[in-house]
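# Structure assessment
For reference, the chains in residue letters:
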Amino acid sequence: MWYYTSVFSLSILVLFIMSVLVKENGRLGENEKKRFYQTYAVIGLASISEWFSIILNGAPHWTIYLHSVIKATDYILTPMIGIFLISQVSSKNRHKKIMWGLIAVNAVFQIISIFTGWTFYIDSNNNYHHGDLYFLYTLVYIFEILMLLRDFWAYGKSFEKKNRSSLFLIVLFVIFAIVIQETSPSDIRTSSLGVTIGSVLIFIHYSEFGQVINDNTMRRQDNLLRTDSLTGLLSRFAYHEVLEKYSETELPKNLYVYSIDVNGLKGVNDTYGHNEGDKYIKAASKCIKSVFGDYGKIFRTGGDEFIVIADKYKSFPEILQKRLKVKANEYETDAKWNLSMSSGWASADGNKGCSLEKLVSIADKNMYADKAEYYRETNKKRHRYRDAI
């Protein structure tokens, strides 16, 4: 008896410490903390009920009724632990209504058993015995365990396969502790201790791998932030990060900046609509990527504006600039528009002492010069066309 009392006391102390750990955990929300508190409270009350029922076994005759009430409480609370263990890791229990319904039926059955002895009875010597219908309580217990396994399986699917093994080992550990107690011919009490240890391990698992999920979510959000949704190129946010990075270091000598602007986007939007304008931008991004993708990073910095920062390999700016025009002219499309882009470049080696932002400004200036030339040529072609008419 003293041995079990010591184990019981340690279990209650562990549950108290876990409650403090949950309270001090800054990563858990209030609803998450509430679920852990509730679980520890139910485990603690079930353990206390079991402990009291053992103490009262063979106690003075006047405690028989108290013994019956406490034993019924034990049988009501113990199957509830499965629901609360699941709630520790998931607020969306798919079988919650079914499980609570069964718990309610079991509670009524145990209360009636106080007077009928269906599940258990206390003899005249105040000793506890299983009743004729104890198997029904066992079935409830087994059903709760199966639901526990099923819901933990569903919860485990949110992790990578390599991270699920520990979760299922925890569940098996809890089930093993319960099976030992229920099948032992002697009064070995392992259920309470096993459930307590299991709840601790679940908290560790939830905290550890919950953080992994949070990290992965943050990484995905970070990638979305750095990626332009329309073109798949790097975003303006990523561009400003690079500007900040190079503001604190000297520019590599082989760094080139290309400023690229799509010609005639407004006309496409006004004539054919913004959906067609989006296709126009996507077409431009594909051409830019095909020309500059092997040389550095490509950013969409505005509606029709692109910046290329080439710092990985030695590039040939004039050749790449011409290649971009060729690619645009060769771009096959069934749309009514023809793809056209203007570009300009600047090199760190040719503009020593310049910041990256200043280098982009120089590239922009050269791009606008190229754009002005494009519109001059376009106007000439229009005049020739009118003269021919």
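Basis of the calculations
- Residues numbered from 1 in each chain as written.
- Predicted model: local features only at pLDDT ≥ 70, side-chain atom pairs only at ≥ 80, totals over all residues.
- Heavy atoms only, no water.
- Core = buried A, V, L, I, M, F, W, Y, C linked by side-chain atoms within 4.5 Å.
- Buried < 20%, exposed > 50% of the residue type's maximum accessible area, 1.4 Å probe, protein only.
- Helix = DSSP H or I, 4+ residues; strand = E, 2+ residues; numbered from the N terminus.
- Contact = heavy atoms within 4.5 Å.
- Phe/Tyr/Trp six-rings, centres within 6.5 Å; stacked < 30°, edge-to-face > 60°.
- Lys NZ or Arg CZ within 6 Å of the ring centre and 35° of its normal.
- Pairing = 2+ DSSP bridges.
- Axes fitted to C-alpha atoms, helices over the stretch in contact; angles between N-to-C directions.
- Parallel < 35°, antiparallel > 145°, perpendicular 65-115°, else oblique.
- Nonpolar A, V, L, I, M, F, W, Y, C, P; charged D, E, K, R; others polar.
- pLDDT = per-residue confidence, 0-100.
- Left-handed = near helix turned anticlockwise from the far one by under 90°.
- Salt bridge = Lys/Arg side-chain N within 4 Å of Asp/Glu carboxyl O.

### Description of the nonpolar core
- Grouped together as the largest cluster of nonpolar side chains are 46 residues, with contacts concentrated most on Phe36, Tyr40, Met80, Ile81, Leu85, Phe152 and Phe203.
- Contributions of two or more residues to this core are made by helix H1 (2-24), helix H2 (30-55), helix H3 (64-89), helix H4 (96-116), strand E1 (120-122), helix H5 (134-156), helix H6 (165-183) and helix H7 (191-226).
- For this core, the element with the most residues is H3, which contributes twelve residues.
- Setting aside residues no more than four positions away along its own chain, phenylalanine 36 makes contact with Val22, Leu28, Gln88, Phe203 and Tyr206.
- Core analysis: the second largest hydrophobic core is formed by 26 residues, Ala284, Tyr295, Ile298 and Val308 among them.

### A word on the packing of aromatic side chains
- As enumerated under the stated definition, the model contains 18 aromatic pairs in all.
- Geometrically, the ring pair formed by tyrosine 75 and tyrosine 134 is tilted, given 6.0 Å between the ring centres and 55 degrees between the ring planes. One end of the pair, tyrosine 75, is in helix H3; the other, tyrosine 134, is in helix H5, and 59 residues separate them in sequence.
- Overall, the relative accessible area of 4% leaves tyrosine 75 in the buried class.
- For tyrosine 134, a relative accessible area of 11% gives the class buried.
- With a centroid separation of 4.3 Å and an interplanar angle of 15 degrees, the aromatic rings of tyrosine 75 and tyrosine 137 are classed as stacked. One end of the pair, tyrosine 75, is in helix H3; the other, tyrosine 137, is in helix H5, and 62 residues separate them in sequence. As far as the burial class goes, tyrosine 75 and tyrosine 137 line up, both buried.
- Cluster of aromatic residues (ring-pair linked, three or more members): Tyr75, Phe120, Tyr128, Tyr134, Tyr137 and Tyr141.
- Taking the ring centre of tyrosine 128 as reference, the NZ or CZ of lysine 71 above it sits at 4.4 Å.

### Some points on unusual backbone geometry
- Positive phi values are uncommon outside glycine, yet asparagine 126 reaches one of about 65 degrees.
- Within the element layout of this structure, asparagine 126 appears in the loop between E1 and strand E2 (128-130).

### A few points about the pairing of strand E6 (residues 341-347)
- A large share of E6 lies buried, amounting to six of its seven residues.
- Examined bridge by bridge, strand E3 (residues 256-262) and E6 share seven bridges and lie antiparallel to one another. Pairing of valine 257 across the sheet is with alanine 346, part of E6.

### Thoughts on the packing of H3 against H5
- Two numbers describe how H3 lies on H5: the axes approach to 9 Å, and their chain directions differ by 5 degrees. Looking at the two axes, H3 sits roughly parallel to H5. Contact with H3, carried on its side by Tyr75, Thr78, Pro79, Gly82, Ile83, Leu85, Ile86 and Val89, involves Tyr134, Tyr137, Val140, Tyr141, Glu144, Met147, Leu148, Asp151, Phe152 and Tyr155 of H5 and no other residues of that element.
- Its residues placed into classes, the contact of H3 with H5 shows 14 nonpolar, two polar and two charged.

### Thoughts on the confidence of the model for the chain
- Scored by pLDDT, the chain comes out at a mean of 85, with 89% of its residues at no less than 70.
- Confidence over residues 382-389 falls short of pLDDT 50; this stretch has zero contacts with residues more than four positions distant or in other chains.

### Quick look at the packing of helix H9 (residues 265-272) against helix H10 (residues 274-292)
- One way to put it is that H9 packs onto H10 with a least axis distance of 7 Å and a crossing angle of 145 degrees. Seen along the crossing, H9 lies across H10 with a hand that is right-handed. Side by side, H9 and H10 meet where Leu265, Val268, Asn269 and Tyr272 of the first sit next to His274, Glu276, Gly277, Tyr280 and Ile281 of the second.

### Details of the pattern of salt bridges
- Summed over all chains, the structure comprises eight salt bridges.
- Where lysine 371 meets aspartate 261, a salt bridge forms, and the shortest distance between an N and an O atom there is 2.9 Å. Remark: aspartate 261 occurs in strand E3 and lysine 371 occurs in helix H12 (residues 356-388); sequence separation between them is 110 residues. Each of the two residues, lysine 371 as well as aspartate 261, counts as buried.
- One salt bridge connects glutamate 276 with lysine 279, and the closest N-O pair in it is separated by 3.9 Å. Here glutamate 276 and its partner lysine 279 are both found in helix H10, three residues apart, which amounts to about one turn of the helix.

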